[in-house]
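Each chain, written out:
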Amino acid sequence: MRASAALLIGTSILAVASPAAAQTQSEAVAQAVNPPPSAPPQQQDEGAIIVTATKRASTVQDVPFSINAQTAADLQRAHAQSIEDISRNVAGLTVQNLGPGQSQVSIRGVSAGQVVRDQPGVKEQVGIYLDESPISLSLFTPDFDLFDLNRVETLRGPQGTLFGAGSVGGTIRYITNQPKLDTLEGSVEAGVDVAKGGDMGYDAKGALNIPINSVAAVRGVAYYSHFPGFIDAVGPAAGKNVNDGQRYGGRLAVLLQPNDNLKITPRAVWQRATANGFNREEIYNLYDNQFTTGAAGTDLGRRTIYLKLPERFKDQTSLYDLNVAYNFGPAELTSVSSYMHRNILVSRDASALTGSVSVDLRFPPAGINLASNLRDSTRLDQLTQELRLASTGSGPLQWVFGGFLTRSERTYHQRLPTPGYDAFTDATLGAGTSAAVDNGFGLHDNPYHADLPYVDTQKALFGEASYKISQFKLTAGGRWYDFHEHRRFHSGGLFSNDDDRTDRTKSNGFSPRGIISWQPDRSLSVNVQVAKGFRLGGVNDPLNVPLCSGSDIATFGHFQSYQDETSWNYEAGVKYSKHGVTVNAAAFYNDLKNLQVTLDAGSCSSRIVFNVPKAHSEGVEAEVSVHPLDGLELSFAGSVLNSKFGSSVTSGGTVVEGIRKGNRLPTVPKYQFAATANYETRFNSNSDWYVNGSVQQIGNRFTQPSDQEPISAGLTWFDPVTGLSSPPGGITTPLGTFKLPAYTLVNAAIGLKWDSGLDVSIYVNNIFDRNPLLSLDRERGLRARIGYNVGQPRIIGMVVRKSFGSRVLAPPPVLVPPPPPPPATQTCPDGSVIDTTATCPVAPPPPPPPPPPATKGQRG
């Protein structure tokens, strides 16, 4: 795969050898990302922010659909560390935290429910890009550090025309600062923070831009962060602050610009993120609950879990991309090649899961009490290539068209090492049972194991054009796509169904978009849009039949595959910016067909995907900022959503897992808003002081559709002290619903900023130490454990930043030796001045006098 990457990038380099295949980003785009030092700093008014959401440079106000751009200053003021921090300040953007590196993103209420770690076939609903390179991977979108970013763009609504599948709800783009040819600049940052009831975090980061000569520059970024832990564990693996973690890595980009028309930008990105546990708290565990002796569950609850084994998360990501651009004058050709390699490990304490099955199988107490480690690993190798041609200039007709190709190879492994389990299996179920169900893996003490290799390919052609007529602009575009997916599912072990099968999925189609814009003047625009989004279908993993109850097999057994999901988005928006006031608002309606909803398959410890024939998401969103006084900025971002199923899914006449017409779509709050205030003024002759605060509120949500239905769980329990366990099937207990309550976070910061580039700030996030429940975390249909992924407690921290930059001086002039002193001179009789070594010219002899006139009688 790496050889293929080298070949692909090499092909892009050769493409610039002739004008017909060369390309570069326009100068307008380059200056949008990196304004020259002589340019004024970006205003906080969004009307001045330059974005490239349409693959050409324009202001937020000129983009004819709903978009938000969080600048580097916005990210610093919010002390944002992740996409979840960003989402609270962006209307309509929701991130469901499912643990470190496992956040699920939705935009405008287009959501299909919780995607868990062992659903590699599920496709994302929001596309994620680092500059021009796609980095989406369903649940495991890389959580790159936000240092030295220029901005983060959130494009709302389907973006299939320019960004392809996986953007059915929208697209998020991380835009980094690019190398500069004429500026030596850099920045460093160091911080420290303390979590309430937890330990200390700290970080150090730096960026440096070095011009090499007039045609080349290098920009490097390096960072390290240690995140404080705040979850305590009880049980055999007891500990304090067990969920601490770290993230470190860097970026290195080179800009080669041999002339004004050609740019070549290769780049390497590397990051490693680890966590020693998960941000989970438990209210029920097989080994620690109200039915057991001793602590009897009283030691569980707020920011506490039960562990037999330590847990761990690891994500190592490498990205290599190459952007080559050539400007022909009337058009610009751009090639973007990328190769991404990832290794992901999610290692969890699955003792409760394995133990709950052992209870059902009537294992002896020692067998039920074994420690069990579930290890999910993902390896990804992904190649992408985009080639596009776009118009330049400012004429009434603007256009872009191109082609896209990607090949993704993923291998997913799941193992469940449980030392001693084979002996208890054979003793309880008969000699040789453990070996008989291995299904060719050759593993021991592993009651479940599976391999799922995937190969996905996508081909696409896309184009979009706009034409301006007086105050109106018409935009039309579309994308033709062709997908092929090939996978093998191979499983073994006592808990599996001993499957070994190959599945194929393919689909092709066309996603159009049309926009009408009216702009009577530069301060006001009104836009109406219709766009279609698309998400590829697939095949469900087989149920783990040995774990399933009879009713669960009857309910879920026939949902083997799921169809493509489509969305038609209808949107009307208004944008206004004048006299320090900016208002961007939109109303929208998403008509969803065959929505792919992910659910737990009851006791089977399996996850499956259903198609819901009809669903919709409708709402309004608004972002407002005003500058009533010099130095004071007030802003508001909010959305109100109504996302519901439009039809029910039934099995045997019974509604399946809460997919009932009129029920809410999962993970989506009915409302969310953020109000912020920033004030900055002069402190003394060489510094400013500033203060800012924010209030963020997220409405109630449900993790999965079934959580809003009345729930009665068959609770399984085992008492390690007495050796007693629940009867088969557990104890049925009514639990009500699992609604995630609304929560409010209040944040504040104060700082001092010197003209020299030094900036010192102190901040407090989650001032009132709320404990937001972000998602429900459960195992084996509530039989093994019940808990929640929770947000950070109150964080108090300090950050010190120092930035510098200067124009690189023009090369010194070539030194020419001074001319020798003039030689001595002399003045000649004729008045001329000559060198003393020369001879004055000799005056010519006077002409002879004329002859006298002739006299009379005299002959001549």
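Keep in mind the model is a prediction, meaning the values are calculated, not measured.

Calculation notes
- Residues numbered from 1 in each chain as written.
- Predicted model: local features only at pLDDT ≥ 70, side-chain atom pairs only at ≥ 80, totals over all residues.
- Heavy atoms only, no water.
- Phe/Tyr/Trp six-rings, centres within 6.5 Å; stacked < 30°, edge-to-face > 60°.
- Lys NZ or Arg CZ within 6 Å of the ring centre and 35° of its normal.
- Pairing = 2+ DSSP bridges.
- Helix = DSSP H or I, 4+ residues; strand = E, 2+ residues; numbered from the N terminus.
- Axes fitted to C-alpha atoms, helices over the stretch in contact; angles between N-to-C directions.
- Core = buried A, V, L, I, M, F, W, Y, C linked by side-chain atoms within 4.5 Å.
- Buried < 20%, exposed > 50% of the residue type's maximum accessible area, 1.4 Å probe, protein only.
- Contact = heavy atoms within 4.5 Å.
- Polar contact = N/O pair within 3.5 Å; in protein donor to acceptor, adjacent residues only side chain to side chain.
- Salt bridge = Lys/Arg side-chain N within 4 Å of Asp/Glu carboxyl O.

1. Considerations on the packing of aromatic side chains
Line of reasoning, step 1. Tallied over the entire structure, the rule returns 17 aromatic pairs.
Line of reasoning, step 2. The rings of Y202, Y224, Y248 and W270 are connected pair by pair, giving a single aromatic cluster.
Line of reasoning, step 3. Here R410 stacks its cationic end above the ring of Y454, 4.5 Å away from the centre of that ring.

2. Some points on the sheet that holds strand β3 (residues 67-71)
Line of reasoning, step 1. As summarised here, the arrangement of the five strands in space is β3-β8-β9-β6-β7, forming an open sheet in which the pairing is mixed. Two strands bound the open sheet, and with one partner strand each, they are β3 and β7 (133-134).
Line of reasoning, step 2. Here strand β6 (residues 126-130) pairs with strand β9 (residues 170-176) via five bridges, running parallel. Looking at β9, one finds that G127 is bridged to T171.

3. Considering the pairing of strand β24 (residues 500-521)
Regular strands place their side chains on alternate faces of the sheet.
Line of reasoning, step 1. Sheet analysis places strand β23 (residues 472-492) next to β24, joined by 19 bridges and oriented antiparallel. Note on β24: the bridge partner recorded for G477 is R513.
Line of reasoning, step 2. Alignment of β24 against strand β25 (residues 524-535), held across seven bridges, turns out to be antiparallel. Across the sheet, R513 pairs through a bridge with A531, a residue of β25.
Line of reasoning, step 3. Connecting β24 to the next strand, β25, in antiparallel fashion are two residues.

4. Some thoughts on the sheet that holds strand β41 (residues 785-790)
Line of reasoning, step 1. Reading across the sheet, the three strands line up as β16-β41-β40 and stay open at both edges, with antiparallel pairing between neighbours. Bordering the open sheet on either side are β16 (280-285) and β40 (773-779), each of which pairs with just one other strand. Across the sheet, the axes of successive neighbouring strands diverge by a mean angle of 20°, strand direction being ignored.
Line of reasoning, step 2. Of the pairings in the sheet, the one linking β40 to β41 comprises six bridges and is antiparallel in character.

5. Quick word on the nonpolar core
Line of reasoning, step 1. Ranked by internal contacts, the top residues of the largest apolar core, which has 32 residues, are I172 and Y174.
Line of reasoning, step 2. If we ignore the near neighbours within four places in the chain, the residues touching I172 are I83, L93, V105, I107, V126, G127, I128, Y129, V152, E153 and T154.
Line of reasoning, step 3. Among the nonpolar cores identified, the runner-up in size contains 28 residues, and L416, Y448, L547 and F718 belong to it.

6. What to know about the environment of V581
Line of reasoning, step 1. As for its position among the elements, V581 is in strand β29 (residues 581-600).
Line of reasoning, step 2. Here the alpha-carbon distance between V581 and S625, two residues 44 residues apart in the chain, equals 5.9 Å.
Line of reasoning, step 3. Setting aside residues up to four positions removed in sequence, V581 forms contacts with Y576, S625 and V626.

7. What to know about the side chain of R342
Line of reasoning, step 1. In this structure, R342 sits in strand β19 (residues 331-349).
Line of reasoning, step 2. When its relative accessible area of 1% is taken as the criterion, R342 is described as buried.
Line of reasoning, step 3. In terms of polar contacts, R342 uses its side chain to reach the backbone carbonyl oxygen of F140, at 2.3 Å.
Line of reasoning, step 4. Among the polar contacts listed, one links the side chain of R342 to the side chain of T317, at a separation of 3.2 Å.
Line of reasoning, step 5. If near-sequence neighbours (up to four positions away) are discounted, R342 is found in contact with L137, F140, T141, P142, D315, Q316, T317, T378, R379 and L380.

8. A closer look at helix α6 (residues 351-360)
Line of reasoning, step 1. In terms of burial, α6 is a largely internal element, nine of the 10 residues being buried.
Line of reasoning, step 2. Next to the buried residues of α6 lie β16, β19, α7 (365-368), α8 (421-429) and β40.

9. Brief notes about unusual backbone geometry
Line of reasoning, step 1. Residue S470 is not a glycine yet carries a positive backbone phi of 60°.
Line of reasoning, step 2. The residue S470 is located in the loop between β22 (449-469) and β23 in this model.
Line of reasoning, step 3. We note that D769 has phi near 55°; this positive angle belongs to a residue other than glycine.
Line of reasoning, step 4. Looking at the element boundaries, D769 is found in the loop between β39 (758-765) and β40.
Line of reasoning, step 5. D769 sits in the buried class, given a relative accessible area of 10%.

10. Here's the deal with the pattern of salt bridges
Line of reasoning, step 1. Scanning all chains against the criterion turns up 53 salt bridges.
Line of reasoning, step 2. Across the salt bridge formed by R407 and E409, the nearest N and O atoms sit 3.2 Å from each other.
Line of reasoning, step 3. Judged by relative accessible area, E409 falls into the partly exposed class, the value being 27%.
Line of reasoning, step 4. Residues E779 and R785 are paired through a salt bridge, measuring 3.6 Å at the closest nitrogen-oxygen approach. Comparing E779 with R785, the two get one shared label, buried.
Line of reasoning, step 5. If you follow the salt bridges from partner to partner, you end up with R280, E282, E311, R348, D777, E779 and R785 in one network.

Bear in mind that shape data such as this cannot, by itself, settle questions of function.
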